[in-house]
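Below are the chains, spelled out letter by letter.
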Amino acid sequence: MRLDKFLAQQLGVSRAIALRELRNKRVTVDGEIIKTGSLKLEPQHRVEFDGNVLEQIGGPRYFMLNKPQGYVCSTDDPDHPTVLYFLEEPVAYKLHAAGRLDIDTTGLVLMTDDGQWSHRITSPKHHCEKTYLVTLEQPLAADTAEQFTAGVQLHNEDSLTKPAVLEQLEECVVRLTISEGRYHQVKRMFAAVGNRVVALHRERIGGIVMDDDLAPGEYRRLTEEEIASVEVHR
């Protein structure tokens, strides 16, 4: 990659501004001031801007984040803080959420810059399972699990939901596993049977389970096994 393009990506600026910073002698490569953007970077090159190292990215990146309340999963939102706030990674703005959560929903969010991998998670045809810990306003009705297995009719939807697995943990706390990603699906499913979700926490996406060691707002890289659990045909 050319040095000017690399700087533009790393600093989140235009190519013209990157060239200006080069001319202002703010960039070094392996300790030498470079004033032209045409230099082709190699993986072993050490690039610094005002003495701060700019890390070169090698290949796609995959992270899990324990999302707290009050943050949105979009990469840019004029009204709310986004989950990118927590990611101390180079060119973090190139990462996106593979399966978003509502602003008030907590738990597992997968962040990546691999579009094919995230499509495998979010595409309806792949039926990727997601598991949620759900706190309800009212005690769970005796027939709700049976209704969810058969499928429920959501407001303004033509088809029933696909079979879902419901496990009761406490009077008002359940674990729900679904294989779809309809808009606000979990909340709407419980609304359809006369109940209301008061807290929602995602525990699992496919074979990837929320790491209990991650506090809200913390994240880590996925392991090779976790990445490979999302099968992608390239």
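Because the structure is predicted, anything quoted here is derived from the model rather than measured.

Draft legend 1. Structural detail: the pairing of strand E9 (residues 165-170). Note that E9 and strand E10 (residues 173-178) share five bridges and pair antiparallel. Across the sheet, Val 165 pairs through a bridge with Thr 177, a residue of E10. Hairpin connection, E9 to E10: the antiparallel pair is bridged by two residues.

Draft legend 2. Examining the pattern of salt bridges more closely. The full count for this structure, using the stated rule, is 19 salt bridges. Among the ionic pairs, Arg 221 bridges to Glu 89, the shortest N-O distance being 3.8 Å. Here Glu 89 lies in the loop between strand E5 (62-67) and strand E6 (96-97) and Arg 221 lies in strand E13 (residues 219-221), a separation of 132 residues in the sequence. Accessibility expressed as a relative area gives 46% for Arg 221, which makes it partly exposed. A salt bridge links Glu 180 to Arg 182; the shortest N-O distance between them is 3.0 Å. The two residues Glu 180 and Arg 182 agree in class, both being buried.

Draft legend 3. Structural context of the domain arrangement of the chain. Along its sequence, the chain is organised into domain 1 (3-54), domain 2 (59-127 + 208-233) and domain 3 (129-205). A straight line from the C-alpha centre of domain 1 to that of domain 3 covers 51 Å.

Draft legend 4. Examining the UniProt feature "domain: RNA-binding S4" (unreviewed entry) in the chain more closely. In this numbering, the UniProt entry assigns the feature "domain: RNA-binding S4" (unreviewed entry) to residues 1-69. Helix makes up 26% of residues 1-69 and strand makes up 25%, while its end C-alpha atoms are separated by 38 Å.

Draft legend 5. Structural view of the environment of Leu 110. Mapped onto the secondary structure, Leu 110 falls in strand E7 (residues 106-112). A relative accessible area of 0% places Leu 110 in the buried class. Once residues within four sequence positions are removed from consideration, Leu 110 is found in contact with Phe 63, Met 64, His 96, Ala 97, Ala 98, Trp 117, Ile 121, Ile 205, Ile 208 and Leu 222.

Draft legend 6. Highlighting the environment of Ala 142. Inspection of the secondary structure puts Ala 142 in the loop between strand E8 (130-136) and helix H4 (144-150). Looking at Ala 142, the relative accessible area reads 87%, which means it is exposed. In this structure the C-alpha to C-alpha distance between Ala 142 and Leu 3, which are 139 residues apart in sequence, comes to 63 Å.

Draft legend 7. Quick look at empty space enclosed by the protein. Inspection of the entire model under this criterion finds one cavity of 30 Å³ or more. When the residues that make up the lining of the largest cavity are grouped by side-chain class, the tally is three nonpolar, five polar and two charged. Residue assignment places the lining of the largest cavity across two domains, with domain 2 (59-127 + 208-233) and domain 3 (129-205) each supplying three or more.

Draft legend 8. Region of interest: the side chain of Gln 185. Relative to the elements of secondary structure, Gln 185 occurs in helix H5 (residues 185-192). Separated by 3.0 Å, the side chain of Gln 185 and the backbone nitrogen of Arg 182 make a polar contact. Not counting the four nearest positions on each side in its chain, Gln 185 is found in contact with Thr 161, Ile 178 and Glu 180.

Draft legend 9. Layout of the layout of surface pockets. Within this model, the largest pocket holds a volume of roughly 420 Å³. Lining the largest pocket we find 20 residues, and of these Arg 100, Tyr 132, Gly 181, Arg 182 and His 184 sit closest to its centre. At the level of secondary structure, the elements contributing two or more residues to the lining of the largest pocket comprise E8, H5 and strand E11 (197-205). Tallying contributions element by element places H5 first for the lining of the largest pocket, with three residues.

Draft legend 10. The environment of Pro 81, seen in detail. Mapped onto the secondary structure, Pro 81 falls in the loop between E5 and E6. Beyond its immediate stretch of four places on either side in the chain, Pro 81 contacts Gly 70, Tyr 71 and Val 72.

Draft legend 11. Spotlight on the nonpolar core. The biggest cluster of nonpolar side chains holds 31 residues, and the ones touching the most others in it are Met 111, Val 134, Phe 148, Leu 176, Val 186, Met 189 and Phe 190. When contributions to this core are tallied by element, the ones reaching two or more residues are E5, E7, E8, E10, H5 and E11. When residues of this core are assigned to domains, at least three fall in each of domain 2 (59-127 + 208-233) and domain 3 (129-205). If near-sequence neighbours (up to four positions away) are discounted, Leu 176 is found in contact with Lys 130, Thr 131, Tyr 132, Val 134, Phe 148, Ala 164, Val 165, Leu 166, Val 186, Met 189 and Phe 190.

Draft legend 12. Expanded view of the packing of aromatic side chains. Summed over the entire model, instances satisfying the criterion amount to six aromatic pairs. Considering the side-chain rings of Tyr 71 and Tyr 85, the 6.1 Å spacing of their centres and the 25° angle between planes classify their relative orientation as stacked. With Tyr 71 in the loop between E5 and E6 and Tyr 85 in the loop between E5 and E6, the pair connects residues that are 14 residues apart, well separated along the chain. Ring-pair connections join several aromatic residues into one group, and the members of that group are Tyr 71, Tyr 85 and Phe 86.

Parameters and conventions
- Residues numbered from 1 in each chain as written.
- Predicted model: local features only at pLDDT ≥ 70, side-chain atom pairs only at ≥ 80, totals over all residues.
- Heavy atoms only, no water.
- Pairing = 2+ DSSP bridges.
- Helix = DSSP H or I, 4+ residues; strand = E, 2+ residues; numbered from the N terminus.
- Salt bridge = Lys/Arg side-chain N within 4 Å of Asp/Glu carboxyl O.
- Buried < 20%, exposed > 50% of the residue type's maximum accessible area, 1.4 Å probe, protein only.
- Domains from an automatic or database assignment.
- UniProt positions renumbered as here; feature names shortened; annotations may be inferred.
- Contact = heavy atoms within 4.5 Å.
- 1 Å grid on protein atoms, 1.4 Å probe; cavity = no way out; pocket = protein on both sides within 12 Å on 5 of 7 lines; lining within 4 Å.
- Points joined across faces, edges and corners; volume = space filled by probe spheres on them.
- Nonpolar A, V, L, I, M, F, W, Y, C, P; charged D, E, K, R; others polar.
- Polar contact = N/O pair within 3.5 Å; in protein donor to acceptor, adjacent residues only side chain to side chain.
- Core = buried A, V, L, I, M, F, W, Y, C linked by side-chain atoms within 4.5 Å.
- Phe/Tyr/Trp six-rings, centres within 6.5 Å; stacked < 30°, edge-to-face > 60°.

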